[in-house]
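Coordinates in review
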Amino acid sequence: MSGKQITWNGGLQPEAIEILSQDGGMIVSPTKVGYIIMTSDKAGLERKFEAKQRKRNKPGVVLCGSLEQLRSLAQLTPEIDQLYQQHWDQDILLGCILPWREDALARIPADGSKELMMDGRQTSCFVIKFGRPGENIAKALWEEHGKFSFASSANPSGQGNRGLVEGIGERIEARADLIIEANDYVKSIQPNDENKVRYEQGVMVSMVDSEGRLIPQQNGERKITPCPVLIRKGLDVDKIMALLSDIFPSWDYRHGDYY
């Protein structure tokens with residue numbers, strides 16, 4: 001690995017803030033489920049797409065370092081808010097497809113970022129509790145610099161990184177401004193899982209209908225549709241399904257049903 005790789009310091013990595021608070025920065029950070037690319041604006045997102053050689057049709061992944069940030073960006077119902085709160089309290093990685101708040105849309109730079117941050121329905125995947133190295137960065141970027149944190153897996157296209165910094169591939173390694181290594185941290189989350197069976201992604205739940213509108217409140221009633229749809233299984237899927245069931249009498253399991 002090159003001289004741009006550092007080992008996670010166990011807290012907030014100042015080098016990452018230095019890069020991502022500037023225009024066009026792109027770093028690689030460890031999470032609970034492997035390594036991700038983190039960017040904070042359109043120029044960084046463009047670099048990410050170029051590095052990964054990926055299509056641009058998926059909703060962006062927005063990393064939230066606090067529930068306050070989540071609530072200021074995404075439209076929530078009280079039930080969805082409760083779901084996030086429970087996952088926050090139990091330190092469980094969760095990502096939900098949600099529409100943006102109108103006042104939050106106005107905060108997005110008018111540089112073309114919007115097209116790369118969300119899908120055609122104006123939804124994104126808002127993620128919490130993705131791992132302390134990145135959570136610290138996302139929180140500081142938002143609170144101190146007013147900048148978003150966008151994520152994408154640091155995988156050579158079509159391959160996983162196996163939770164190892166060595167697995168991110170030469171192309172991403174060459175293009176990143178900084179690479180934070182924390183293989184031990186990643187392994188500590190799923191210590192007993194071999195590379196073949198460990199989850200390399202977080203659970204994703206869609207909270208919108210086909211038009212991108214927020215699902216209705218259920219208020220304990222049955223057979224309410226549209227309802228939450230678990231569209232990607234991943235780390236802690238068992239715990240997440242249990243919490244979903246506590247709040248929503250109706251929800252669907254459709255792994256692979258990506259927007």
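A short tour of the structure in this document, coming up. (Residues numbered from 1 in each chain as written. Predicted model: local features only at pLDDT ≥ 70, side-chain atom pairs only at ≥ 80, totals over all residues. Heavy atoms only, no water.)

Taking strand neighbours across the sheet as the criterion, the 11 strands line up as β1-β8-β2-β3-β7-β4-β6-β5-β9-β10-β11 in an open arrangement whose pairing is mixed. Both outer strands of the open sheet, β1 (5–7) and β11 (252–253), are each paired with one neighbouring strand and no more. Sheet topology places strand β4 (residues 61–63) next to strand β7 (residues 150–153); two bridges connect them, and they run antiparallel. Among the inter-strand pairings, valine 61 is bridged to a residue of β7, identified as alanine 151. In this fold helix α7 (residues 132–145) packs onto β2 (26–31), β3 (34–39), β4 and β8 (178–181), with an angle of close to 135° to the strand it touches most, β2. Sheet strands in contact with helix α10 (residues 237–247) are β5 (94–99), β9 (204–206), β10 (229–232) and β11, and its direction is about 165° off that of β10. (Pairing = 2+ DSSP bridges. Helix = DSSP H or I, 4+ residues; strand = E, 2+ residues; numbered from the N terminus. Contact = heavy atoms within 4.5 Å. Axes fitted to C-alpha atoms, helices over the stretch in contact; angles between N-to-C directions.)

Relative to the helices and strands, serine 66 is located in the loop between β4 and α3 (67–73). Given a relative accessible area of 5%, serine 66 falls into the buried group. Among the polar contacts made by the side chain of serine 66, one reaches the main-chain amide nitrogen of glutamine 69 at a distance of 3.0 Å. The residues contacting serine 66, other than those within four sequence positions of it, are Trp88, Lys139 and Glu143. (Buried < 20%, exposed > 50% of the residue type's maximum accessible area, 1.4 Å probe, protein only. Polar contact = N/O pair within 3.5 Å; in protein donor to acceptor, adjacent residues only side chain to side chain.)

Interaxial distance between helix α4 (residues 78–89) and α10 falls to 10 Å at its minimum, and their mutual angle equals 145°. The way α4 lies across α10 gives a crossing that is right-handed. Contact residues: Glu79, Gln82, Leu83, Gln86 and His87 in α4; Ile240, Leu243, Leu244 and Ile247 in α10. Of the residues assigned to the contact of α4 with α10, the class counts are five nonpolar, three polar and one charged. (Left-handed = near helix turned anticlockwise from the far one by under 90°. Nonpolar A, V, L, I, M, F, W, Y, C, P; charged D, E, K, R; others polar.)

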